Every structure is written in structure tokens, then in C-alpha cells.
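So the chains spell out like this:
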Amino acid sequence: MSAPAPRQPPKGTRDFYPPEMAVRRHIEKAWRESSIDHGFDEIDGPTFEHLALYTVKSGDGIINELFSFRRAGGEDDYALRPEFTPTLARMVAARASSLPQPIKWFAIPTHFRAERPQRGRLREFIQWNVDLIGVEGPQAEVDVLSTAVVAMERLGLSHSDVRVKLSHRGVVAAALHALGAQTERLADAFALLDRRDKMEPSEFDARALAIGLGASATTRLAMIARTQLSIESSADTIAGALGCSPTDAQPLVELNQRLISAGLGHWCDLDFGIVRGLAYYTGSVFEVHEASGAERAIAGGGRYDKLIESFGGPSMPAVGFGMGDVVIGLLLRDRGKLPSDDDLTLLPRPDVFLVSAGSPEAEQLLPQLAASMRRAGLHVRHTYKTTRNVGKLLSEAVKCRARHALILGGELEQGMIAWKDLGAGTQSLIPVGEVVARILAVPR
Ligand code: HAM
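Conventions we followed
- Residues numbered from 1 in each chain as written.
- Predicted model: local features only at pLDDT ≥ 70, side-chain atom pairs only at ≥ 80, totals over all residues.
- Heavy atoms only, no water.
- Pairing = 2+ DSSP bridges.
- Helix = DSSP H or I, 4+ residues; strand = E, 2+ residues; numbered from the N terminus.
- Axes fitted to C-alpha atoms, helices over the stretch in contact; angles between N-to-C directions.
- Near = heavy atom within 4 Å.
- Polar contact = N/O pair within 3.5 Å; in protein donor to acceptor, adjacent residues only side chain to side chain.
- Areas by Shrake-Rupley, 256 points an atom, 1.4 Å probe, with all protein chains shown as cover.
- Nonpolar A, V, L, I, M, F, W, Y, C, P; charged D, E, K, R; others polar.
- Phe/Tyr/Trp six-rings, centres within 6.5 Å; stacked < 30°, edge-to-face > 60°.
- Buried < 20%, exposed > 50% of the residue type's maximum accessible area, 1.4 Å probe, protein only.
- 1 Å grid on protein atoms, 1.4 Å probe; cavity = no way out; pocket = protein on both sides within 12 Å on 5 of 7 lines; lining within 4 Å.
- Points joined across faces, edges and corners; volume = space filled by probe spheres on them.
- Patch = residues over 30% accessible without salt bridge, like charges linked within 9 Å, V, L, I, M, F, W, Y side chains within 5 Å.
- Salt bridge = Lys/Arg side-chain N within 4 Å of Asp/Glu carboxyl O.
- Lys, Arg positive; Asp, Glu negative; His and termini not counted.
- Charge placed at Lys NZ, Arg CZ, Asp CG, Glu CD.
- Contact = heavy atoms within 4.5 Å.

Caption draft 1: Layout of the sheet that holds strand β3 (residues 68-70). Read across the sheet, 3 strands follow the order β2-β4-β3 without closing on themselves; strand pairing throughout is antiparallel. Both edges of this open sheet fall to β2 (48-50) and β3, since each of them pairs with a single strand only. Each strand of the sheet is rotated relative to its neighbour by a mean of 35 degrees, with strand direction disregarded.

What follows is the structure in C-alpha cells.
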């Protein structure tokens, strides 16, 4: 006998029943609208890609988390997409000469990572990506970060709920150089900094030593990772804290000044512990975190000026970020920014709820009326039950938050329908032939 069919979805994946789907659409709506308002166009790519797309540039962190597979009888290796940036780089590289520039794209795809499922981390999640390609200066960072901030504001979060934490790989590289790290080992030094919380101090020291850092440099390295400064900090302050020169700190200071002038300064802090696990970042790096530091990162991104070239395209500067739906969903729930499970306010609100009191005329009219109202652009629901207890059926109309209820009852004999404006609490009789126009005339 075969095993019973599983009732639970695979570990680390989710079922979206209507209330969960409504929350997902609510978050996606804020993402989509902020992207469009900032001038980004929506794109998407395939759910799976050639495995090599990820083994080339994403870094070990992602490669170890791939769901990879080979078609039965096939010879090509594929992987479910763990992130969107390689797909985007491939798409840009393939049409770089014909795409209007700068390229401003956003996407809201599903991603898959074979991580150990835990709070804030799943194996299947939605990730909003916002990327700006073709702009070298810090205005590109300002545009993508503003897009993230506006979306979070529209979801009801403020700068006291979440913080944008900024660092800069160029500035940290200068500090690492000053500590004795060899240029060819910089990528290893970043990877070490990124994984510092996942290893014992002795292992951290041993690895730092292997990169060319002595014992005292290792202590400094750990200190750099703990350095947090105000976004208003001068080049001298940053240089003093990191042990690099003020000239090295200048690109970060320029970015900070732009963010302040764009009115985003009060959302941002400098945090040199932000390194980013992905190997392709070349300049600014940033993450969005819950203000007290609880939870995993809400979003992460940065500048990746060499990636498109490495996919066979021209040399093009690029910056962007990804924001997952899982952590922001937890945060919105914790801060009371989402309705409770039995509250249906995020579900689409019907314009009209049709109730039939059960006569043969009513039963015949109901589908015709529903069809003509839907053709007129109204959101119409109706009961499938027939009972003379109209009050009970009306409670369904109230539960789904319909604006109007139309009761096909005894008045039909006079060619009239009882109309309840559920918002205004008024009731009147209207001729059947006028129903659609009368409902359309009430502002939504
Ligand atoms: P990432 O830091 O790997 O960056 O992911 C960005 C965000 O996606 C994270 O901050 C988190 O909210 C969410 N996320 C990642 N993994 C999971 C997971 N297993 N479960 C739930 N949420 C998750 C990137 O992916 C870059 N490609 C972002 C980027 C776009 N950089 C430039 N453009």
C-alpha cells in the first residue's frame, strides 16, 4: 500500500490561504507602487537557471544553499533561483546595447534556498529586487534606498522601527590593507568578516592569520566590525575609527551627504559590521534591520559594478537590493501593522452583495444582475444559498465588508429591489432596470 499523501507543505515552504495571500499582496502592493513611483519598470525571469549562472559569481554562501537538479535523462545541470541578481545581470548583458539607459528594473519573484528553516528564514520566499544600472555616482544608491524607505513607510513603518545600515567595501578594504591584508586575499577577508558570528574566536583568529593579519590586527578587525557611526560623520571621524585615510573614506561621505539632502539621513546609520555574504559587491553595501537589531536582515544590497561585465556584457555600474517578504511580514505583525487573522480588511472589498430570498424570479434574476454589474466593472459577490431568512444572508454581506447589499425579495413582483447601503446604513427600493447605474453613481 502506498504512503498517504502528505497534508503539510514541504519544510520551509508556505501555503497561502486567502488571509495569508491578502497579506502577501498588501506587502507586494507597497513594493510595486514605490518602485513605479521611483521610475522602475517590472521584469521577471525564469524560476530555474543553468547551475553555472550561480557557480560563477554568487559566492560560497549561496552555492551551498542551491536546490540543483538534472532533468531525468538530461545532461544539463539547473538550479532553482536562490536570488535574482545573476538573472538580472544575464538579462542586461544579453541586450545591453539596445536597452535604454539607465536601466531601472524591479522584480518580485519567488526564490529558493536550501537553508535550515528557522524564524525569518525559509526555503521558499518572495524577494523584491530593485536595481539601477548605468549610473556611477551616489544618486543611484539614493534612488534605490529611497524606493525601499518609501515602501516601508507605506506599510506603516517609521525610522524608529527600522534602520538602514550602510558600509562601503572600498573603505573597509582600505582599512584591511592598513592592517596588512593582502590585496588578493581581500575577498577572503570580507567572507571572514561576514561569517564572524558563525565561528569560535579561535577559528576567526586562525583564519585572519592565514589572510596575512597578525594577532593585533585580528583584534582591530573585530573592532572594525563593531564600529557604528552617525551618518553625519566626517571623513576624518570615519578614517579615525577604521584606521584608513580620510581620502579613502570620501566615497562613503559623499553618499551620506546625498542621503541627508534627499531627506533619508534619519533612516540611516553607518555600520562597518555590514559586509554582505555575496561576493559580487564592489562599493557601497547596506542592509535594513529592525531597529533593536532583533530578527535577521529585512533587506540587503549594494553596488556591483563588475557583475554585468563578468556575464559577458559591457562594463556597467550597478546598484540594487533585495527585500524578502518573511522578515518584514514578522515585523509588521509584531508592530501591529497587519490585521489579525480573523479580520478580513486586507481582502478585496466587494461593491455589491446580492441576496436572493428564494423565489423563482429572484433565482432567475440574480445571475443576470451579477453578470451585468460585473461587466460594468463592479466587484460582485452573492449567496449560493436560498432561504427566506434574509437577515442571516445579510450577515454574510457585512462579514465580507460589501459596500451595498441588494435583496431580491417580494418587491420583485413590483419590479423593485431592496437596496441597503451598508456604509451609510440607509435602505430604499429601486427599480430593477436602474440598479447598475444607481450603484455606479455612489462614490467608492
Ligand atoms: P540577500 O542578502 O541574500 O541579497 O537577500 C536579501 C533579503 O532577502 C534578505 O535580507 C532577506 O530579507 C531575504 N532572504 C534571503 N534569504 C532568505 C530566506 N532563506 N528566507 C527568507 N528571506 C530570505 C540578495 O539576494 C541580493 N541578490 C540582493 C541584491 C539585489 N543585491 C543587488 N541587487
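Caption draft 2: Local environment of the site of the ligand. The full set close to the ligand counts 26 residues, and Glu 83, Thr 85, Glu 115, Leu 122 and Tyr 281 are the nearest of them. Within the backbone of Leu 122, an N or O atom sits 2.8 Å from a nitrogen atom of the ligand. Contact between the ligand and Tyr 280: a nitrogen atom at 2.9 Å from a side-chain N or O atom of the residue. For the ligand, the protein covers 97% of the area, taking 660 Å² as the surface of the free molecule. Elements represented by at least two residues in the shell around the ligand include exactly β7 (124-133), β12 (299-303) and β13 (318-324). The class makeup of the residues in the shell around the ligand is 11 nonpolar, 9 polar and 6 charged.

Caption draft 3: Geometry of the packing of aromatic side chains. This model, assessed by the stated rule, comprises 7 aromatic pairs. Residues Phe 48 and Phe 69 carry aromatic rings whose centres are separated by 5.6 Å and whose planes lie at 65 degrees to one another, so their mutual orientation is edge-to-face. On the criterion of sequence distance, the pair formed by Phe 48 in strand β2 and Phe 69 in strand β3 is long-range, its members being 21 residues apart. With 5.9 Å between their ring centres and 65 degrees between their planes, Tyr 280 and Tyr 304 make a pair best called edge-to-face. With a gap of 24 residues between them, Tyr 280 in the loop between β10 (268-271) and β11 (284-290) and Tyr 304 in the loop between β12 and α12 (307-310) connect regions that are remote in the sequence. You'll find Tyr 280 and Tyr 304 in the same group, each marked buried.

Caption draft 4: Local environment of the layout of surface pockets. Of the pockets and cavities examined, the second largest pocket occupies roughly 470 Å³. Surrounding the second largest pocket, 27 residues form its lining, Glu 20, Val 23, Gly 329, Arg 333 and Leu 338 being those nearest its centre. Mapped onto the lining of the second largest pocket, the elements with two or more residues apiece are α1 (18-37) and α13 (325-334). Looking at which element gives the most residues to the lining of the second largest pocket, the answer is α1, with 6 residues. Residue composition of the lining of the second largest pocket, grouped by class: 13 nonpolar, 4 polar and 10 charged.

Caption draft 5: Highlighting a positive patch on the surface. On the surface, Lys 11, Arg 116, Arg 195, Lys 198 and Arg 296 cluster together into a patch of positive charge. By relative accessible area, which is 30% here, Arg 296 ends up partly exposed.

Caption draft 6: Focus on the sheet that holds strand β14 (residues 352-356). Strand order across the open sheet formed by 5 strands is β15-β14-β16-β17-β18, with mixed pairing between neighbours. The open sheet has two free edges, formed respectively by β15 (380-382) and β18 (426-431), since each of these has just one partner strand. Direction aside, neighbouring strands of the sheet carry axes that sit 25 degrees apart on average. Pairing of strand β17 (residues 416-421) with β18 involves 6 bridges; the strand directions are antiparallel. In the strand pairing of β18, Ile 417 is matched with Ile 430. This element, helix α14 (residues 360-375), spans β14, β15, β16 (404-408) and β17 of the sheet and lies at about 170 degrees to β14.

Caption draft 7: Fine view of unusual backbone geometry. The step from Gln 101 to Pro 102 runs through a cis peptide bond, and the omega angle for that step is -5 degrees. In this structure, Glu 295 takes a positive phi of about 70 degrees despite not being glycine. Under the relative-accessibility criterion, Glu 295 is labelled partly exposed at 23%. Positive phi outside glycine occurs at Arg 401, with the angle close to 65 degrees. When you line up the elements, Arg 401 lands in the loop between α15 (390-399) and β16. With relative accessibility at 21%, the residue Arg 401 sits in the partly exposed group.

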